[in-house]
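Single-letter residue listing:
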Amino acid sequence: MIIKKSPEEIEKMVAAGAIQAAALDLVAAKIRPGVSTEELDGAAERFIRSQGATPTFKGYRGFPGSICASPNSMVVHGIPGRYRLQRGDILSVDIGVTLDGWVADAARTFPVGDVSPLAENLLSVTEQALYAGVEQCRAGNRMGDVSHAIQRVAEGAGLSIVRSLVGHGVGKSMHEDPQVPNYGRAGKGPLLEEGMVLAIEPMTTAGRASVRVAGDGWAIFSQDDSLAAHFEFTVAITGEGPRILTPWHVAARERGSGPARREAATPAG
Ligand code: MG
């Protein structure tokens, strides 16, 4: 069952999303060679709690961290730990924030210093795929329009879509209906309606699409150890079109950490 949100409820999610985006930007500012992922986790948790919110992931099905920190060939769900970032790494950071019972969920993959052209392309294309999906989050469209737009951008540039992981509805729970696959056929699937709120989150690799679960039961790696990326927004479908509730791209642009060449693809909101 898809739970639609009223305009008042969406405003509550906007408030959660503002803290989420600020937390992601706080982590962005701390990313450098030598920093450990548990240090990033601690900083994010302190910030989120200082805002009167809670880190949604902490304790979720026993997850020990406040953020997911997934370096290099790890796609998602990395438990923060002693790993120290190295120059040339990429790091996917996923953060959930709950404020007054409403959840905001978003992620971004960061370069650690200068990265290879392969990694740069992976990040750039996956972010573009996210924006292409967001652009289709309009009442009257079908879910397949979102899925297909993401797939077209990512696969069109030679990336693989991790098909076993999907986006989702979000609201008072982190995971609600419907599922949001990152591949599909335009014009197919559930009808999109005003008031739906979706976590749009392409997960890609520079190699093949298959993945494996690590021994800790959480981290998901690309099966072939190719580099992986994850970009995510929480997006509301409104009468005025898609509205990004977790605007980390705005903070990134203001700090100059978002490549200017991608701004043309950035939807309003
Ligand atoms: Mg997420």
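Located above this text is the structure these notes cover.
Note that residues are indexed from 1 along each chain, following the sequence as it is written. Where totals are concerned, whole chains, interfaces and linings use all residues; where local detail is concerned, this predicted model gives features only for residues with pLDDT of at least 70, and gives and counts side-chain atom pairs only at 80 or more. Side-chain metrics in this entry use all non-hydrogen atoms of the structure; hydrogen atoms and water are not considered.

Next up on the list: the overall build of the protein. In DSSP terms, a helix is any run of H or I states spanning at least four residues, a strand is any run of E spanning at least two, and both are numbered starting from the N terminus. When you go through the protein residue by residue, the secondary structure sums to five helices and 15 strands. Oriented by its inertia axes, the alpha-carbon framework of the protein measures out at about 45 × 40 × 35 Å. Counting every position in the protein, which comprises 269 residues, the buried fraction comes to 56%. Taking the contacts inside the protein whose residues are at least 6 apart along the sequence as the reference set, 70% of them involve residues at least 24 apart. For the protein, the computed accessible surface area is about 11100 Å², with 49% contributed by carbon and sulfur atoms. Charged residues are defined narrowly, with Lys and Arg counted positive, Asp and Glu counted negative, and His plus the chain ends left uncounted. The atom standing in for a charge is NZ when the residue is Lys, CZ when it is Arg, CG when it is Asp and CD when it is Glu. For the protein, the distance from the average site of its 27 positive side-chain charges to the average site of its 30 negative ones is 2 Å. When accessible area is computed with a 1.4 Å probe and restricted to protein chains, residues below 20% of their type maximum are described as buried, those above 50% as exposed, and intermediate ones as partly exposed. Residue contacts follow a heavy-atom distance rule, with two residues in contact if any of their heavy atoms lie within 4.5 Å. For the area figures, the Shrake-Rupley method with a 1.4 Å probe applies, and any residue is considered shielded solely by the protein chains shown.

Note that the residue after Asp177, namely Pro178, is joined by a cis bond; omega there is 0°. By the element assignment, Pro178 lies in strand 8 (residues 176-180). Although it is not a glycine, Arg61 sits at a positive phi angle of roughly 50°. The exposed category is assigned to Arg61, whose relative accessible area is 72%. Residue Asp225 is not a glycine yet carries a positive backbone phi of 60°.

To continue, consider the coordination of the magnesium ion. Here the magnesium ion is held by Asp94 (OD), Asp94 (OD), Asp105 (OD) and Glu232 (OE), and the distances to it run 2.1 to 2.6 Å. Only N, O and S atoms count as donors, using a 2.8 Å limit from the metal and a wider 3.2 Å limit for Na, K and Ca, and since water is excluded some coordination spheres may look unfilled. Counting along the primary sequence, the residues that act as donors to the magnesium ion give the motif D-x10-D-x126-E. Residue Asp94 is found in strand 4 (residues 90-99), and its partner Asp105 is found in strand 5 (residues 102-111); the two are separated by eleven residues along the sequence. Residues Asp94 and Asp105 agree in their burial class; the two are buried.

Our focus in this paragraph is the side chain of Glu176. Secondary-structure assignment places Glu176 in strand 8. Residue classification places Glu176 among the buried positions, given a relative accessible area of 13%. Each polar contact in these results corresponds to two N or O atoms within 3.5 Å; when the atoms are within protein, one needs to be able to donate a hydrogen and the other to accept it, and residues that are neighboring in sequence are counted only if both atoms are side-chain atoms. Polar contacts involving the side chain of Glu176 include one to the side chain of Lys5, which spans 2.7 Å. At 3.3 Å, the side chain of Glu176 forms a polar contact with the backbone nitrogen of Lys172. Not counting chain neighbours up to four residues away, the residues in contact with Glu176 comprise Ile3, Lys5, His168, Gly169, Val170 and Gly171.

It is worth spelling out the nonpolar core at this point. Think of a nonpolar core as a cluster: buried Ala, Val, Leu, Ile, Met, Phe, Trp, Tyr and Cys residues, connected wherever their side-chain atoms sit within 4.5 Å. Ranked by size, the top nonpolar core spans 59 residues in total, and within it Ile31, Val93, Ile95, Ile200 and Trp248 carry the most contacts. Sort the elements by how many residues they give to this core and helix 3 (residues 117-135) lands first, with nine residues.

Interaxial distance between helix 3 and helix 4 (residues 143-156) falls to 8 Å at its minimum, and their mutual angle equals 155°. The orientation of helix 3 with respect to helix 4, classified from their angle, is roughly antiparallel. Between helix 3 and helix 4 lies a crossing whose hand is right-handed. Contacts between helix 3 and helix 4 involve Val125, Gln128, Ala129, Ala132 and Gly133 from the former and Val146, Ala149, Ile150, Val153 and Ala154 from the latter. Here the axes come from fitting lines to C-alpha atoms, over the contacting stretch only for helices, and the angles between their N-to-C directions go from 0 to 180 degrees. Roughly parallel covers angles under 35 degrees, roughly antiparallel covers those over 145, roughly perpendicular covers 65 to 115, and oblique covers all other angles. In this scheme the handedness of a crossing depends on how the near helix is turned from the far one: anticlockwise by less than a right angle means left-handed, clockwise means right-handed.

Attention now moves to the pattern of salt bridges. Salt bridges are identified by distance alone: a Lys or Arg side-chain nitrogen within 4 Å of an Asp or Glu carboxyl oxygen. This model, assessed by the stated rule, comprises nine salt bridges. A salt bridge links Glu45 to Lys58, with the shortest nitrogen-to-oxygen separation between them at 2.9 Å. With Glu45 in helix 2 (residues 37-50) and Lys58 in the loop between strand 1 (54-55) and strand 2 (67-71), this pair connects stretches of sequence that are 13 residues apart. Judged by relative accessible area, which is 35%, Lys58 ranks as partly exposed.

Turning next to the packing of helix 1 (residues 7-30) against helix 2. Interaxial distance between helix 1 and helix 2 falls to 9 Å at its minimum, and their mutual angle equals 145°. In this structure, the crossing between helix 1 and helix 2 has a hand that is right-handed. Between helix 1, through Ile19, Ala22, Ala23, Leu26, Val27 and Lys30, and helix 2, the contact on the second element is made entirely by Leu40, Ala43, Ala44, Phe47 and Ile48. Grouping the constituent residues of the contact of helix 1 with helix 2 by class yields ten nonpolar, no polar and one charged. Any residue outside Ala, Val, Leu, Ile, Met, Phe, Trp, Tyr, Cys, Pro, Asp, Glu, Lys and Arg is labelled polar, Gly included; the first ten of those are nonpolar and the last four are charged.

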